[in-house]
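# Remarks on the overall topology
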Amino acid sequence: PNVITCIGYVCLVIDYSLLAHYDWDFTANNTDQSGIPRWVWFVVAVLHAASHHLDGVDGKQARRTGSGTPLGELMDHGIDSNCMWMLPVTLMSVLGSDSSNSGIAMQYAPLLLLSLTFNFWISHWEKYNTGVLYLPWMFDIAQTTVVGLFLLTGILTPAGLKAACAQYIAPMNTLFYIFIPLGFLGSLLLSVYNVYKAVQAGTHKQTTFLGMMRPWVSYILMNLLLCSYTVFSEDAYLAHPRVWTIAYGFSFSSLVCRLMVNQMCSTDCDLIDPIIPPLGLAWFLGVVVGIEPTIVITVYSVFSMGSFFHLSYTVVNDICDHLNICCFLITRKRR
């Protein structure tokens, strides 16, 4: 089952890498002549559909083979956390960065990334407090819609899709500006309601209000530091926006994965997550000290990526040793 999970992740990494190759700075679709070949959109659509399908069957395979373990749950959701930031970044390539041509201006791209990843984060904050991970059917509808969007982009070209959308519905960026805040607000209200119900039923995991809100401290700090970096170092961010998205994505994944481990082990999360001090140092060096911001954010991006994979390797190794299992085999280890 863990092999299935990882194959699904590789599909999304290929998606991301293809679009990064043809559209590194999100300007390839700012004109009528797209810099992204049509075949790329069809490949991206197929791989995204495969990734979503594999994400749904890994748990079924684990139950069918009787090999379900906490490791499988952690790998599934941990990899999902790393996929969540790639999705809005790939959508940026569909829209482009020219707001006068139905694109998302790069100044607002951090809000797009924050809004979509927030839905995933608050689901796991809810689980931290209730012990139950609630995933609405809207998630599957959204994934299917994204696949359809990629297919239409390949058929009509990005310019054709944006023109058709503007003619018959509304400009695509307007739709994003409407639906993304609604999704943000809906996820927030639903999670708060589910936590409230758990408190009323006496099934909540945290005994105090401060304990419930503890994960928010690091989450808010991470977003404040990274989003304010794009304001104070705007020129460097606009020159290399994708580097910033990588820094955000892997910081987010590290934060959420530690929260998952806390929830599974029934322990309190750190008030200040280990990713925050190096992020704060990068912000200080780039914004206050004045070291070239592009160099600072690039170095931090590499660090955040390495930190995430080191965390993943360490936790997976420890769980395998504790449960006497192999990560990618159903058979147990021989001691």
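Since this is a predicted model, take the numbers as computed values, not measurements.

## Comments concerning the side chain of Ser251
- Locating Ser251 in the fold gives a position in helix H10 (residues 241–265).
- Here Ser251 falls in the buried class, since its relative accessible area comes to 0%.
- What Ser251 contacts, discounting residues up to four positions off in sequence, is Met222, Leu226, Ile275, Tyr300 and Ser304.

## Here's the deal with the pattern of salt bridges
- Tallied over the full model, the rule gives two salt bridges.
- Lys127 serves as the salt-bridge partner of Glu73, at 2.3 Å between the closest nitrogen and oxygen. Note that Glu73 is positioned in helix H3 (residues 70–84) and Lys127 in helix H5 (residues 109–130), a separation of 54 residues in sequence.
- Looking at Glu73, the relative accessible area reads 31%, which means it is partly exposed.
- The partner of Arg258 in a salt bridge is Asp273, and the shortest N-O contact between them spans 3.0 Å. You can see Arg258 sitting in helix H10 and its partner Asp273 sitting in the loop between H10 and helix H11 (276–289), a full 15 residues away along the chain.
- On the basis of relative accessible area, Arg258 is assigned to the buried category, the value being 17%.
- Overall, Asp273 belongs to the buried group, its relative accessible area being 5%.

## Some points on unusual backbone geometry
- Notably, Phe26 is not glycine yet its phi reads approximately 65 degrees, a positive angle.
- The residue Phe26 is located in the loop between helix H1 (2–22) and helix H2 (38–65) in this model.
- Using a relative accessible area of 0% as the deciding quantity, one classes Phe26 as buried.
- Phi angles above zero are rare outside glycine, and Asn324 is one such case at about 60 degrees.
- Relative to the elements of secondary structure, Asn324 occurs in the segment after helix H12 (293–323).
- Taking the relative accessible area as the measure of exposure, Asn324 reaches 16% and is therefore buried.

## A closer look at the state of the cysteines
- Counted by the stated rule, this structure contains zero disulfides.
- Cys320 forms no disulfide, and the closest cysteine sulfur to it belongs to Cys327, at a distance of 4.9 Å.

What counts, and at which threshold
- Residues numbered from 1 in each chain as written.
- Predicted model: local features only at pLDDT ≥ 70, side-chain atom pairs only at ≥ 80, totals over all residues.
- Heavy atoms only, no water.
- Helix = DSSP H or I, 4+ residues; strand = E, 2+ residues; numbered from the N terminus.
- Buried < 20%, exposed > 50% of the residue type's maximum accessible area, 1.4 Å probe, protein only.
- Contact = heavy atoms within 4.5 Å.
- Salt bridge = Lys/Arg side-chain N within 4 Å of Asp/Glu carboxyl O.
- Disulfide = S-S within 2.5 Å.

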